[in-house]
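Observations on the three-dimensional arrangement
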Amino acid sequence: LTSGLESAWNKLKGEEVLTKENIVEPMRDIRRALLEADVSLPVVRRFVQDVSEQAVGVGVIRGVRPDQQLVKIVSEELVKLMGGEVSELTFAKSGPTVILLAGLQGVGKTTVSAKLALYLKKQGKSCMLIAGDVYRPAAIDQLVILGKQVDVPVYAAGTDVKPAEIARQGLQEAKKKNVDVVIMDTAGRLQIDKTMMEELKDVKRTLNPTEVLLVVDAMTGQEAAALVTTFNVEIGITGAILTKLDGDSRGGAALSVKEVSGKPIKLVGRGERMEDLEPFYPDRMAGRILGMGDVLSFVEKAQEVMRQEDAEDLQKKIMSAKFDFNDFLKQTRAVARMGSMSRVLGMIPGMGKVTPAQIREAEKSLLIMEAMIEVMTPEEREKPELLAESPARRKRIAQESGKTEQQVSQLVAQLFQMRVRMKNLMGVMEGGSVPALSN
Ligand code: GDP
Ligand code: MG
């Protein structure tokens, strides 16, 4: 992909505007690059056509080179193709929310069942798992073990019971226990086969699920489009979960899901640990798919935009020492966005090379920070001093966000450190200080 996109952008160097003629070659490179990233052919075709139409129509923006413009359009279209925004899970208005997981064998359904239960538990929902893979006794044991690990009850019956019957019993049990969310794991085959589909249909009829999520291995590649189409037509899915994103797949499968089914990817699995399940961020995935190409100019542009938009406002705030948690969140998110771009580049200005592991760490700590800032009152967000002064407030935030008091203290300290750093950066006379947190 690297060389493909690089040459695409390079072909536009020296051009004044994007025209029908001068985008032909770059678009050919982009097409090749997407195919190399395992995006399905029909999806690539439509994508290239959309981008071409848009590119030619776009006016000249002062100071932006045509190659930068094309990168921007490609990136934006990729994000749009994957649904644009984060798609949340749907919950039932009354009674338990039922989530049915489907997919081929080995894609990570059983693992995802338990991960999802943990994920929802952290949001304060009670969960129950149903072991629906009756073909391998080991699969039931696996779910029981994982259930223990995340401390969620598992409903299991013998291997001689039909999956639809297990579903019925499990759901009954869940209603009796008044659990918020029921997650049913199912069997998968190496290939899509008729019996498997019929069985899934039976299970679906029995459960009447709120969500039917197709679990897709990120490595699936070209077959992803056909796979998603089949499951969507046969069973009817409400979304997908992309697993094994921690591997070295380029994630082309992600592009096909929404395009061929109209249904979004809702979550991604990024590892074997139970904690490794996250919402799906289309913009981050676009960065990954664009991957490794030389989109430095785009990043520079993006940074410029960020600076212009926020700099003035930020400067005022810093001058009056008003930089608060709202700004902190904005700033950190902007840096995180740059971070996912930098995965693309392997570099972040001023920070040297950034490894994927470091980016993942940064993304993780952003999620932790977000969780803590989310439970702050508007007043606390605007006056971080309140948190520096009150251990009781910090304790409450720790409890409500499910983080430790130490993590909250760290966050508060970080904000004040940022104030100081920025004051110094801006060359303001009086240096701020980091208050010691009272106990
Ligand atoms: P199932 O057959 O669809 O139920 O798949 P399993 O849940 O049994 O998972 C198959 C294998 O993939 C197991 O070894 C899992 O640990 C592994 N696995 C599942 N999700 C992920 C993931 O997100 N990343 C990685 N690296 N491995 C995963
Ligand atoms: Mg399984």
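A short tour of the structure in this document, coming up. These numbers were taken from a predicted model, which means no experiment stands behind them.

Overview of the site of ligand 1
Close to ligand 1 lie 18 residues; Gly 108, Lys 109, Thr 110, Thr 111 and Gly 269 are nearest. For the shell around ligand 1, the leading source of residues is helix α5 (residues 109-121), giving three residues. Looking at the shell around ligand 1, its residues break down into one nonpolar, eleven polar and six charged.

So, helix α8 (residues 194-207)
The end-to-end C-alpha distance of α8 is 20 Å, a good match for the 20 Å that 14 residues give at a rise of 1.5 Å each. Listing the buried residues of α8 in full gives Leu 200, Val 203, Lys 204, Thr 206 and Leu 207. Burial along α8 is one-sided: seen end-on, the buried residues are contained in an arc of 160 degrees. Of the residues in α8, the exposed ones pointing more than 90 degrees away from the buried face are Lys 194, Thr 195, Glu 198 and Arg 205. Turning to α8, the residues buried within the fold contact β1 (97-102), β2 (127-132), α7 (163-177), β4 (181-186) and β5 (211-217). Asn 208 sits one or two positions beyond α8 and adopts a positive phi of about 45 degrees.

Thoughts on the packing of α7 against α8
Running from N to C, α7 and α8 cross one another at 20 degrees; their axes reach a closest spacing of 8 Å. As far as their axial angle goes, α8 and α7 are roughly parallel. Crossing of α7 over α8 shows right-handed handedness. Taking contact as the criterion, the partners of Pro 163, Ala 164, Ala 167, Arg 168 and Leu 171 in α7 are, on α8, Glu 199, Asp 202, Val 203, Thr 206 and Leu 207.

Calculation criteria
- Residues numbered from 1 in each chain as written.
- Chains lettered and ligands numbered in written order.
- Predicted model: local features only at pLDDT ≥ 70, side-chain atom pairs only at ≥ 80, totals over all residues.
- Near = placed C-beta within 6 Å.
- Helix = DSSP H or I, 4+ residues; strand = E, 2+ residues; numbered from the N terminus.
- Nonpolar A, V, L, I, M, F, W, Y, C, P; charged D, E, K, R; others polar.
- Expected span 1.5 Å × (residues − 1).
- Buried ≥ 20, exposed ≤ 12 C-beta atoms within 10 Å, placed from the backbone.
- Arc of directions from axis to C-beta.
- Contact = placed C-beta atoms within 7 Å.
- Axes fitted to C-alpha atoms, helices over the stretch in contact; angles between N-to-C directions.
- Parallel < 35°, antiparallel > 145°, perpendicular 65-115°, else oblique.
- Left-handed = near helix turned anticlockwise from the far one by under 90°.

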